[in-house]
Amino acid sequence: MTRTGPQHYPGAHRDHWYQDDFGGDRMEVNVVVLHTTEGRSLPGYQGGASAPNLTAVPDLAARKLTWYQHFDIDISSRALRNRPGGVQTNTLNVCQVELVGTCDPELHSKWRTGGKAHVYWPKAPAWALLGVARFLAWAHEEHDVPLRGPALWPAYPKSYGNGAGQRMSGARWNDFKGVCGHMHVPENDHGDPGAIDFDELIRLAKAAVQG
Ligand SMILES: [Zn+2]
């Protein structure tokens, strides 16, 4: 497959690179899948075995996202479950992004009580959402990923499994092009990134494209 467009997100660090160890399938990306890590720092991803294409780490002091890239944009990564048979997940032209922080209101309140600074993505500060939006704008301009996605972005834990009826069928997933969450991908149970403000995210991404 051709792999059109730039393969490295400008400014992303490549000192946690896993493609040499894990290879991956060549793709032509038309989907971005968003995750939240449910941790407060860059994960080790079991040495890369469960790594996404990119991780965005909030720099709370500088009020910006620090990006790490682990695989080329048009190479499959590894943060989705793929069951035998059924549809393809990681390898179906998907670029995966892990956002460091949580979508879980319970973990959010535990961290807050413990004085552990973090981003709670459903109530993300404007700079954090803007950082994600800029990436989506880039993915749109350079890789033609449509700036649209599913209507339902239910809150965790309702989003776990298919608690809010948000998860796509295999057929819908096979046809999907755009931006979705781990909680929308078939053959998967995880409920991340929960109730992230998707309308605002897309609005900011479109504004970044025009800007
Ligand atoms: Zn996930």
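Above this text sits the structure in question.
Residues numbered from 1 in each chain as written. Predicted model: local features only at pLDDT ≥ 70, side-chain atom pairs only at ≥ 80, totals over all residues. Heavy atoms only, no water.

Asker: Outline helix H4 (residues 126-143), supporting the account with residue identities and numerical values.
Answerer: Between its first and last C-alpha atoms H4 spans 25 Å; for 18 residues at 1.5 Å apiece the expected length is 26 Å, and the two agree. Looking only at H4, the buried set comprises Trp127, Ala128, Leu129, Gly131, Val132, Ala133, Phe135, Leu136, Ala137, Trp138, Ala139 and His143. Those residues of H4 that are buried lie in contact with strand S1 (31-36), strand S2 (54-59), strand S3 (64-69), strand S4 (94-99), strand S5 (178-181) and helix H6 (198-210). Just downstream of H4 lies Asp144, where phi reads positive at about 60 degrees. (Helix = DSSP H or I, 4+ residues; strand = E, 2+ residues; numbered from the N terminus. Expected span 1.5 Å × (residues − 1). Buried < 20%, exposed > 50% of the residue type's maximum accessible area, 1.4 Å probe, protein only. Contact = heavy atoms within 4.5 Å.)

Asker: How would you explain the nonpolar core if you had to name every residue and give the values?
Answerer: Core analysis: the largest hydrophobic core is formed by 37 residues, its most contacted members being Val32, Leu54, Trp67, Trp121, Phe135, Leu136 and Leu201. When residues in this core are grouped by element, the largest group, nine residues, is from H4. Not counting chain neighbours up to four residues away, the residues in contact with Trp67 comprise Tyr9, Gly11, Ala12, His13, Leu54, Thr55, Ala56, Val97, Gly131, Val132 and Phe135. The next biggest cluster of nonpolar side chains, apart from the first, holds 10 residues, and it includes Leu80, Met168, Trp173 and Phe176. (Core = buried A, V, L, I, M, F, W, Y, C linked by side-chain atoms within 4.5 Å.)

Asker: Give me the lowdown on unusual backbone geometry, citing residues and values where you can.
Answerer: For the bond running from Tyr156 to Pro157, omega is 5 degrees, close enough to zero to count as cis. That bond from Asp192 to Pro193 is cis: its omega, 0 degrees, falls within 30 degrees of zero. The backbone of Glu38 shows a phi angle near 60 degrees, a positive value even though the residue is not glycine. One can find Glu38 in the loop between S1 and helix H2 (45-48). For Glu38, a relative accessible area of 29% puts it in the partly exposed group.

Asker: So, the side chain of His108: which residues are in play, and what are the values?
Answerer: On the secondary structure map, His108 appears in helix H3 (residues 105-113). Judged by its relative accessible area of 15%, His108 falls in the buried class. Only 2.8 Å separates the side chain of His108 from the side chain of His118, close enough to count as a polar contact. The residues touching His108, leaving out its near neighbours within four places in the chain, are Thr102, His118 and Tyr120. (Polar contact = N/O pair within 3.5 Å; in protein donor to acceptor, adjacent residues only side chain to side chain.)

Asker: Go over the sheet that holds S3, please, and point to the residues and values.
Answerer: On the basis of which strands lie adjacent, the open sheet formed by five strands has the order S3-S2-S4-S1-S5 and mixed pairing. A single partner strand is all that each edge strand has here, and the edge strands are S3 and S5. On average, adjacent strands in this sheet sit at an angle of 25 degrees to one another, irrespective of strand direction. Both S1 and S5 contribute to a ladder of four bridges, which runs parallel. Within S5, the residue paired with Val31 across the bridge is Gly178. Its contacts with the sheet put H4 on S1, S2, S3, S4 and S5, and the angle it makes with S3 is roughly 45 degrees. (Pairing = 2+ DSSP bridges. Axes fitted to C-alpha atoms, helices over the stretch in contact; angles between N-to-C directions.)

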